[in-house]
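Chain by chain, the residues run as shown.
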Amino acid sequence: MTNRTRKRRPLRTAVRLLLLILAAALLIFWDNTALQVTHADAAFPTLPAGFDNCRIVVLGDLHTASFGEDNAHLFETVAEQAPEYIFLVGDLVDAGREVPPGYLAAVASGLSAIAPTYYVTGNHEWAVGHVPEMKETLTENGVHVLSNQSLSLTRNEDTVVLAGIDDPNGYADQKTPEEVAAEVAEEWGDPFWILLAHRNNAFAEHYSLLGADLVVSGHGHGGLVRLPFTDGLVSTEHTFFPSYTAGLYEKNGSTLFVTRGLGNSGFTFRLFNRPEVAVLTLHKG
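The structure presented is a predicted model; accordingly, all values stated were derived computationally and were not measured.

Novice: Please set out the sheet that holds strand E8 (residues 193-199) residue by residue, giving values where relevant.
Specialist: The strands making up a sheet are joined through hydrogen bonds of the backbone, oriented either antiparallel or parallel. Reading across from one edge, E6-E7-E8-E9-E11-E10 is the order of the 6 strands in this open sheet, with mixed pairing throughout. Looking at strand neighbours, the two that pair on one side only are strand E6 (149-155) and strand E10 (247-251), the edges of this open sheet. Taken pair by pair, the neighbouring strands of this sheet meet at an average axis angle of 25°, ignoring direction. Pairing of E6 with strand E7 (residues 158-164), which is carried by 7 bridges, proceeds in the antiparallel orientation. Its bridge partner being in E7, glutamine 149 is matched across the sheet by glycine 164. Against the sheet, helix H6 (residues 177-188) makes contact with E6, E7 and E8, and its axis sits at roughly 50° relative to E6, the strand it touches most.

Next up, the structure:
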């Protein structure tokens, strides 16, 4: 073996290592910036016939991210899905970052121009503070803010009820989810109703017991790293192998739909878990 051959081996190893690092960096960049449209279908025997095939885009956990200049690519992608409603399930902002000037107004006006948009707070809004001002900005720019309240949606002469609760990080004296559910029953009787509630991990032991036909949540970030045969690797509470992090689930007669979300909190990143524009279609059956 010549000295020249011996010298080439470390160089080749270094080049291969560099290429591997570059490939990994490109993969992580792609997994955290390239929007992915996903589709889910949820069937309910009690769904009013007028809402059969109703198409909803669910967005969550934006964490002040931008997809395209002023989120133009996000708006374009959402519009291409032709939603009849848009549900925003919290964490538009991030406690570890300043909210860029005009950010909330731009998100609100961009989405509400596509379809009626409904929003509930996540934990990060309350950590940032100034929640009343945030809600006012969203409302002024076309978003329907649901703060522990309900309203009716009408489609093809049929009605469903949409309720939304503020995150548990909200005011100590705010209405409880049970009080909101009781108000739905008192005002609407026994309707088909949908609950927007940010925290996916509260479904099994709490939100599934409220009587809502469908709960729509975020918060789980898809488990951050999506490995085969798992529901994600790490929860937002830093536990391993969480559940209820993406897609459809059922418990206690209630159905949960969770979006994997769009952005990242703090220094976290996604792997095999691209930012999600989730399309949920309701079916009677």
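Structure shown, so let's carry the discussion forward.
Novice: Go over the packing of helix H3 (residues 103-112) against helix H5 (residues 131-140), please, and point to the residues and values.
Specialist: Viewed as axis vectors pointing N to C, H3 and H5 meet at an angle of 35°, and their least axial separation amounts to 8 Å. Along this stretch, H3 crosses H5, giving a crossing that reads as right-handed. Within the contact between the two elements, H3 uses Leu104, Ala105 and Ala108 and H5 uses Met134, Thr137 and Leu138. Along the lines of polarity and charge, the residues of the contact of H3 with H5 split into 5 nonpolar, 1 polar and no charged.

Novice: Describe in detail the pairing of strand E3 (residues 85-88), supporting the description with residues and values.
Specialist: Burial along E3 is two-sided: Tyr85 and Phe87 and Ile86 and Leu88, pointing in opposite directions, are all buried. Pairing analysis gives 4 bridges linking strand E2 (residues 54-59) to E3, with the strands arranged parallel. From the neighbouring strand, valine 58 faces E3, where its bridge partner is phenylalanine 87. As defined by bridge partners, E3 adjoins strand E4 (residues 117-119) across 3 bridges and the pair is classed as parallel. Bridging from a neighbouring strand, leucine 88 pairs with tyrosine 119 of E4.

Novice: Before we move on, can you summarise H5 with the specific residues and values?
Specialist: Val131, Met134, Lys135 and Leu138 are the residues of H5 that are buried. Seen along its axis, H5 keeps its buried residues to an arc of 95°; they face one direction. Turning to H5, the residues buried within the fold contact H3, E4, helix H4 (123-128) and strand E5 (143-145). Residue glycine 142 follows H5 closely and has a positive phi angle near 100°.

Novice: Outline unusual backbone geometry, listing residues and values.
Specialist: A positive phi angle is found at asparagine 53, which is not glycine, with a value near 70°. Within the secondary structure layout, asparagine 53 lies in the loop between strand E1 (36-44) and E2. Relative accessible area serves as the criterion here: at 43%, asparagine 53 is assigned to the partly exposed category. With a phi angle near 55°, asparagine 148 is a residue other than glycine that sits in the positive phi range. Examined against the element boundaries, asparagine 148 turns out to sit in the loop between E5 and E6. Look at asparagine 148 and you get buried, because its relative accessible area is 6%.

Novice: An account of the sheet that holds strand E12 (residues 276-284) is requested, with residue identities and associated values reported.
Specialist: Pairing in this open sheet of 6 strands is mixed, and the strands run E1-E12-E2-E3-E4-E5 from one edge to the other. Looking at the sheet topology across the chains shown, the edges are occupied by E1 and E5. On average, each strand axis in the sheet is inclined to that of its neighbour by 25°, with strand direction left out of account. Contacting E4 and E5, H5 runs over the sheet at an angle of about 140° to E5.

Cut-offs applied
- Residues numbered from 1 in each chain as written.
- Predicted model: local features only at pLDDT ≥ 70, side-chain atom pairs only at ≥ 80, totals over all residues.
- Heavy atoms only, no water.
- Pairing = 2+ DSSP bridges.
- Helix = DSSP H or I, 4+ residues; strand = E, 2+ residues; numbered from the N terminus.
- Axes fitted to C-alpha atoms, helices over the stretch in contact; angles between N-to-C directions.
- Contact = heavy atoms within 4.5 Å.
- Left-handed = near helix turned anticlockwise from the far one by under 90°.
- Nonpolar A, V, L, I, M, F, W, Y, C, P; charged D, E, K, R; others polar.
- Buried < 20%, exposed > 50% of the residue type's maximum accessible area, 1.4 Å probe, protein only.
- Arc of directions from axis to C-beta.

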